[in-house]
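Listed below are the residues making up each chain.
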Amino acid sequence: MKGFASDNNSGVHPEIMKALEEVNKDHAIGYGDDPVTARTEKLFQSIFGQTAKVFFVYNGTGANVIALQTATRPFNAIISSETAHIHVDECGAPEKHTGCKMLTLETPDGKLTPALIEKHLHGFGFEHHAQPAVVSITQATELGTLYSIDELKELADFVHSRGLFLHMDGARISNAAAALGCSFREMTTDVGVDVLSFGGTKNGLMFGEAVVFLNPDLAVNAKYVRKQTTQLHSKMRFIAAQFEAYLKDELWRKNAEHANSMAKLLANRLEPVDAVQVTQKVEVNGVFAVVPRHIIEPLQKKYFFYIWDESRNEVRWMTSFDTKESEIIDFVEEIKLLLHKNG
């Protein structure tokens, strides 16, 4: 059933499927020692900078764990927003694998600021306290909001001035870059991000993510961490080939721009519906809204989606690279029908 629960629920883009089919020939050396992986690693370097180091992995949680584990010791602490995926939706995997304490911050829009982070920057050198080592941000955030390039630069400068590293969870980095009209490098390498979890599955890939070390010093032991966290894919070329097709000719941007535009269309068509209140600025491919409780269940039966905050009847609607305009129109009409029927 096609719905608005998650961009993870979408299929595989035809160009990505074609790349998988083309690489499914003959034999190739495993674990990344194949020409497709080598070629794709160079492609990443052409995008992020020649000193960037990339490690392909299975999924987003694995990417985040590897990124954070390489930048920390078990006595450290990781600072994030309270809505961060690493805190809410990874079943404690970052804590388990890094051994670090999570320090979270309440934020109305999912974005961290230097003033908020300052709250947790104390106890340095005091052996009774976990030592802050990494600030982790999400671009775009879990609430569908964006950091501007200036905000990212300010954050990176602040974090580095306090001797910490900056990690970016880029599960929807393509949607963010498309919305900002910038390159990946402009909002990562150029602003001072140290390590990036680069996502593709939510924007047309079948599987696979990448950990991109923009601070190459952090990558020294990454290959061992990837193996220990069971993220080393033996047939690596099947991940690499997807990213090659994804990055070449900016397929990523085309997919993300479409998903973003469908979310904006949804928000615009909901604007005259008084009973539905959009709660966050719609900047990428997610719409958060408070709706009357009585329409949620019947609406979910026809178009599945998730409730974000039960206490206030806030829901999340996600659009994808393959969402059709007609599906948005039908969805809003169904909302109006249910409101009329139960009003």
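Here, every reference points to the structure presented above.
Every chain is numbered independently, its residues counted from 1 as its sequence is written. Local features in a predicted model are, by the rule used here, given only for residues with pLDDT of at least 70; side-chain atom pairs are given and counted only at 80 or more, and totals for whole chains, interfaces and linings are based on all residues. To obtain the side-chain values, all non-hydrogen atoms of the structure were used and water was disregarded.

Caption draft 1: Representation of unusual backbone geometry in the model. Geometrically, the link from Q139 to A140 is a cis peptide bond, its omega value of -5° lying close to zero. We count a stretch as a helix when DSSP gives it H or I for four or more residues in a row; a strand needs E for two or more, and each element gets its number in order from the N terminus. With respect to the helices and strands, A140 occurs in the loop between β4 (131-138) and α7 (149-161). Phi at Y31 is positive, roughly 60°, even though this residue is not glycine. Here Y31 shows up in the loop between α1 (14-23) and α2 (35-48). Classification of Y31 as partly exposed rests on a relative accessible area of 47%. We note that N313 has phi near 60°; this positive angle belongs to a residue other than glycine. Burial classification: accessible surface area is computed with a 1.4 Å probe over protein chains only, and a residue below 20% of its type maximum counts as buried, one above 50% as exposed, and the rest as partly exposed.

Caption draft 2: Representation of helix α12 (residues 293-302) in the model. Along α12, the positions that sit buried rather than exposed are I295, I296, L299 and Q300. Mapping the buried residues of α12 onto a view down its axis gives an arc of 130°, with all of them on the same face. In α12, the exposed positions angled more than 90 degrees off the buried face are occupied by E297 and K301. What the arc describes is the spread of directions from the helix axis to the C-beta atoms.

Caption draft 3: Representation of the sheet that holds strand β5 (residues 165-170) within the structure. Strand order in the open sheet made by the 7 strands is β1-β7-β6-β5-β4-β2-β3, with mixed pairing throughout. Both outer strands of the open sheet, β1 (53-57) and β3 (101-105), are each paired with one neighbouring strand and no more. Taking the axes of each pair of neighbouring strands and ignoring which way they run, one obtains an average angle of 20° across the sheet. Across 4 bridges, the pairing between strand β2 (residues 76-81) and β4 is parallel. Bridge pairing in β4 links A77 to P132. Working rule for contacts: check all heavy atoms of both residues, and any pair within 4.5 Å makes them a contact. Between N-to-C directions, angles span 0 to 180 degrees; the directions come from axes that are lines fitted to C-alpha atoms, helices contributing only their stretch in contact. Along the sheet face, α2 touches β1, β6 (195-198) and β7 (209-213) and points at about 130° away from the line of β1. Pairs of strands are assigned from DSSP output, requiring at least two bridges between the strands.

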